[in-house]
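Given next are the chains, with one letter for each unit.
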Amino acid sequence: MRKDQQLLKEIKACTICQDLPLGPNPILQFSSKAKILVAGQAPGQITHHKGRPFDDASGDRLREWLGINRDTFYNPEKLAVVPMGFCYPGKGKSGDLAPKAICAATWRNKILKELPNIELTLVIGKYAMDWHLPERKEKNLTETVRNWKHYIEQDNPILPLPHPSPRNNIWLKKNPWFEEEVVKFIRKRASELIRN
Ligand code: SF4
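Residues numbered from 1 in each chain as written. Predicted model: local features only at pLDDT ≥ 70, side-chain atom pairs only at ≥ 80, totals over all residues. Heavy atoms only, no water.

*Asks:* I tried to follow the pattern of salt bridges on my own but got confused; where do I start?
*Replies:* Between side chains of opposite charge, pairing is possible as soon as their charged atoms come close. By the definition in use, this model includes 14 salt bridges. A salt bridge links Asp4 to Arg2; its shortest N-O distance comes to 2.7 Å. Two residues, Arg52 and Asp55, come together in a salt bridge whose shortest N-O distance is 3.9 Å. Classification of Arg52 as partly exposed rests on a relative accessible area of 33%. Residue Asp55 is classed as buried on the basis of its relative accessible area of 17%. The network of salt bridges with common partners includes Arg52, Asp55, Asp60, Arg63 and Arg70. (Salt bridge = Lys/Arg side-chain N within 4 Å of Asp/Glu carboxyl O. Buried < 20%, exposed > 50% of the residue type's maximum accessible area, 1.4 Å probe, protein only.)

So this is what it looks like as structure tokens:
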């Protein structure tokens, strides 16, 4: 078995966290051939039951930003989906709890080592930004996304994004430059990477 598949098998059998409200159910996809990495937060309750990442309205919008269909999105040889926590962490006072920190500490570097072909990393949400952009200086998410050209020009191109959830419709309306500049860039780059 290939090393990436072996690692995925190990992760799928992971039961490190014993306090997950719905039990362990790691939801992610990757292959060493993938050129695009989507780094999000953690599955919600619906995703836990469906067993597929971004199989919802957020995913529809993310696919629209990328300009790709569901078949391409769920092809791990094209696109890796590796959130900061792989299992549903449960509900807190204001929304879902943070992803389990032990998850990234245990698995993230091992996975990234098996993804040598990634040429674009889409980073969604605070936890993924803290991991992938630890040096960022902007005071909030809007400013970080606004500064996207700085991060995309690095050796390891990273694109910080707002969450594609319909809950962010107001943010998207207030920041039309995002669709005009950033989404335009993602579509063009994703189409190049997926074609080749
Ligand atoms: S959240 Fe991560 S570390 Fe915890 S059980 Fe799931 S896969 Fe394992």
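*Asks:* How do you make sense of the nonpolar core when you look at a structure like this?
*Replies:* Across soluble globular proteins, nonpolar side chains show a tendency to be buried alongside one another. Counting residues in each nonpolar core, the largest one holds 29 residues, and the members touching the most others are Leu62, Leu66, Phe73, Leu159, Leu161 and Phe178. Breaking this core down by element, the ones donating at least two residues are strand E1 (36-39), helix H3 (57-66), strand E2 (79-81), strand E5 (120-124), helix H8 (148-152), strand E6 (158-161), helix H9 (169-174) and helix H10 (176-195). The dominant element in this core, judged by the number of residues it contributes, is H10, at eight residues. Formed by 16 residues, the second largest nonpolar core is a distinct cluster that contains Cys14, Ala34, Val82 and Leu115. (Core = buried A, V, L, I, M, F, W, Y, C linked by side-chain atoms within 4.5 Å. Helix = DSSP H or I, 4+ residues; strand = E, 2+ residues; numbered from the N terminus.)

*Asks:* Please clarify how the pairing of E1 should be interpreted in this entry.
*Replies:* Strand residues, when the strand is regular, have side chains that alternate between the two faces of the sheet. Of the two faces of E1, the one carrying Ile36 and Val38 and the one carrying Leu37 and Ala39 are both buried. Sheet topology places E1 next to E2; three bridges connect them, and they run parallel. Across the sheet, the residue bridging to Val38 is Val81, located in E2. Pairing analysis gives four bridges linking E1 to E5, with the strands arranged parallel. Residue Leu37 lies in a different strand from E5, and its bridge partner there is Thr121. (Pairing = 2+ DSSP bridges.)

*Asks:* Mind showing me how you'd approach empty space enclosed by the protein here?
*Replies:* Rolling a probe over the atoms, with the probe sized like a water molecule, indicates the empty space that remains. Counting across every chain of the model gives one cavity of 30 Å³ or more. Of the voids in this model, the largest cavity is the one considered here, and its volume is about 120 Å³. Together, 15 residues line the largest cavity, and Cys14, Cys17, Leu20, Cys87 and Cys103 are the ones closest to its centre. (1 Å grid on protein atoms, 1.4 Å probe; cavity = no way out; pocket = protein on both sides within 12 Å on 5 of 7 lines; lining within 4 Å. Points joined across faces, edges and corners; volume = space filled by probe spheres on them.)

*Asks:* Sorry, what's going on with the site of the ligand here?
*Replies:* Neighbouring the ligand are the residues Cys14, Ile16, Cys17, Leu20, Pro26, Phe86, Cys87 and Cys103. In this structure, the ligand is accommodated by the largest cavity. Of the residues that constitute the shell around the ligand, the class distribution is eight nonpolar, no polar and no charged. (Near = heavy atom within 4 Å. Sits in = over half its atoms within 2 Å of the grid points. Nonpolar A, V, L, I, M, F, W, Y, C, P; charged D, E, K, R; others polar.)

*Asks:* Hey, could you run me through unusual backbone geometry in this one?
*Replies:* Non-glycine residue Phe54 carries a positive phi angle of around 55 degrees. Tracing the backbone shows Phe54 in the loop between helix H2 (45-50) and H3. We classify Phe54 as buried; its relative accessible area is 12%.

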